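Overview (structure and organization)
Each chain, letter by letter, is given below.
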2 protein chains.
Amino acid sequence: MITKLVMEAMNQNNAEQGFVVPIGVSARHVHLTQADVETLFGSGYELTKKKELMGGQFASNEVVTIVGLKLRAMENVRILGPVRKASQVEISATDAIKLGIKTPIRESGDIKGSAPIAIVGPKGVVYLQEGCIIAKRHIHMSPEDALTAGVNNGDTVSIKVENERGTTFNHVQIRVDKTYTLEMHIDTDEANAAKISTGDTAIIIK
Amino acid sequence: MITKLVMEAMNQNNAEQGFVVPIGVSARHVHLTQADVETLFGSGYELTKKKELMGGQFASNEVVTIVGLKLRAMENVRILGPVRKASQVEISATDAIKLGIKTPIRESGDIKGSAPIAIVGPKGVVYLQEGCIIAKRHIHMSPEDALTAGVNNGDTVSIKVENERGTTFNHVQIRVDKTYTLEMHIDTDEANAAKISTGDTAIIIK
């Protein structure tokens, strides 16, 4: 079975040339609980799908305005579905400076003690005492991909992008799950600093 | 003489631990000719100094609004002095996306075929047919620093920044001149992607 998995993965990726990972660039976005969706958009409201994303997520048609402690606002921030167990706002370090808020770099879901932020929708407002983070660079992969790449869940690797700017991202966390599609997730600062667009690829270097 | 220079440089920097370079983060800014200063601020006007910068440059008190081809504007863009032989606007890739303009990554001064941009001042307007660039990463150093670091003018090196995010910038150009103070120049995208502030340091790795 393992041999079969390895063989399948090897067909897609050649270890000699380095393990290749496609990159997905995340713009600032919001994840919401169903309760918060209803507060913002009205009782019984459900997010509507605009575009399918990797890993069963989708960009919704719904957007909100976020407002930080210094009362500076960002409009048209996209909500990603499906709804989650906790609401969370993911911004870039550039956004954090513009909003004037101190925002920690965190793994998605790790919001304890993160920045407070207000979310404004057409029917109401949600104030998160914590929940605003800058997402930590990471790579989603299936167990088969992990086997081929020779990495394990929780490992930290470096990822090299060879293009006009030329950048190596260190401290990139590996997250392995059966449901994951192979993709490195970076934010718009990282993408722009390294001249990367969604669909570009990087090589794992250990 | 060379020995003396090397000894002096060695006192400041230890090659065994890697050559250390302080980093300066450049926000979007404008360089102007004296003629363009006068068009924007009035006949006979001279830039006034707000803050001294490295290498004899200064941040002026004067700011302008820049407007790209799609008529999107950015306000309060700082002018750096002293005046130059050609006007030039330096923005980040994030800014370029916001302005909706295609902007090449270039060395300062290499503006041929770069993006057009309008500059608006309180007394007039300048339209640059070319002159808007994203600055290419580079390191300014004196001949003594170059000797200690073991690099030459025009070399390309990699620079590693060890912090929470952890990033290596490849394709970093070395520029050696007697008038240069040791400093790596990066833009706000690069700084924010790598969690760098002005005054942080990086190590040259070849």
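See above for the structure.
Throughout what follows, the structure given in this document is the object of discussion. Since we're looking at a predicted model, the values are computed, not measured.

1. Some words on the pattern of salt bridges
Here the structure, examined in full by the defined rule, presents 16 salt bridges over all chains. When the shortest N-O distance is used, the salt bridge between Arg165 of chain A and Glu190 of chain B registers 3.5 Å. Note that Arg165 of chain A is positioned in the loop between β11 (156-161) and β12 (167-176) and Glu190 of chain B in helix α5 (residues 188-193), a pairing that runs across two chains. Each member of the pair Arg165 of chain A and Glu190 of chain B is classed as buried. In this structure, the salt-bridge partner of Arg106 of chain B is Asp110 of chain B, at a minimum N-O distance of 3.7 Å.

2. A word on the packing of aromatic side chains
Residues and elements named next belong to chain A. Applying the stated criterion to the full structure yields 2 aromatic pairs over all chains. With centroids separated by 5.2 Å and ring planes inclined at 25°, the aromatic side chains of Phe41 and Tyr45 adopt a geometry described as stacked. Classification of Phe41 by relative accessible area gives buried; the value is 9%.

3. Quick notes on the environment of Ala118 of chain B
Residues and elements named next belong to chain B. Considering the arrangement of structural elements, one finds Ala118 in strand β8 (residues 115-120). Taking C-alpha positions, Ala118 is 14 Å from Val37, a pair spaced 81 residues apart along the chain. Ignoring anything within four residues of it in the chain, the contact list for Ala118 reads Thr65, Ile66, Val67, Val126 and Tyr127.

4. Re the relation of the copies chain B and chain A
Once turned by 180° and shifted 0.0 Å along the axis, chain B lies on chain A with an RMSD of 0.0 Å. Here the copies are linked by what is in effect a two-fold axis.

5. Points about the interface of chain B and chain A
Contact residues are listed per partner, giving 26 residues for chain B and 26 residues for chain A. Summing the contributions of chain B and of chain A, the shared interface buries around 2100 Å²; its carbon and sulfur component is 41%. When the buried area of chain B at its contact with chain A is split by residue, Ile105, Arg165 and Asn192 of chain B rank highest and sum to 31% of it. Along the contact surface separating chain B from chain A lie 4 salt bridges. Asp187 of chain A serves as the salt-bridge partner of Arg165 of chain B, at 3.0 Å between the closest nitrogen and oxygen. Between chain B and chain A we count 27 residue pairs in polar contact (both at pLDDT 80 or more) in total. The set of elements that each furnish at least two residues to the side of chain B that touches chain A consists of α3 (93-99), β9 (125-135), β12 (167-176) and α5 of chain B. The biggest single contributor to the side of chain B that touches chain A is β12 of chain B, with 5 residues. Here the residues of the side of chain B that touches chain A sort into 8 nonpolar, 8 polar and 10 charged. Relative to β12 of chain B, β12 of chain A runs antiparallel, the two being bridged by 3 bridges. Bridge assignment links Thr167 of chain A to a residue of β12 of chain B, and that residue is Phe169 of chain B.

6. Notes on helix α2 (residues 34-41) of chain A
Residue and element names in this part refer to chain A. If you check which residues of α2 are buried, you get Asp36, Val37, Leu40 and Phe41. Viewed along the axis of α2, the buried residues span an arc of 110°, placing them on a single side of the element. Those residues of α2 hidden inside the fold are in contact with β4 (58-67), β5 (73-81), β8 (115-120) and β9 (125-135). Where α2 terminates, the next one or two residues include Gly42, which has phi positive at roughly 115°.

Rules and cut-offs
- Residues numbered from 1 in each chain as written.
- Chains lettered and ligands numbered in written order.
- Predicted model: local features only at pLDDT ≥ 70, side-chain atom pairs only at ≥ 80, totals over all residues.
- Heavy atoms only, no water.
- Salt bridge = Lys/Arg side-chain N within 4 Å of Asp/Glu carboxyl O.
- Helix = DSSP H or I, 4+ residues; strand = E, 2+ residues; numbered from the N terminus.
- Buried < 20%, exposed > 50% of the residue type's maximum accessible area, 1.4 Å probe, protein only.
- Phe/Tyr/Trp six-rings, centres within 6.5 Å; stacked < 30°, edge-to-face > 60°.
- Contact = heavy atoms within 4.5 Å.
- Least-squares fit on C-alpha atoms with pLDDT ≥ 70 in both.
- Buried area = accessible area lost by both parts, 1.4 Å probe.
- Polar contact = N/O pair within 3.5 Å; in protein donor to acceptor, adjacent residues only side chain to side chain.
- Nonpolar A, V, L, I, M, F, W, Y, C, P; charged D, E, K, R; others polar.
- Pairing = 2+ DSSP bridges.
- Arc of directions from axis to C-beta.

Everything listed is a geometric property; what it means functionally is a separate question.
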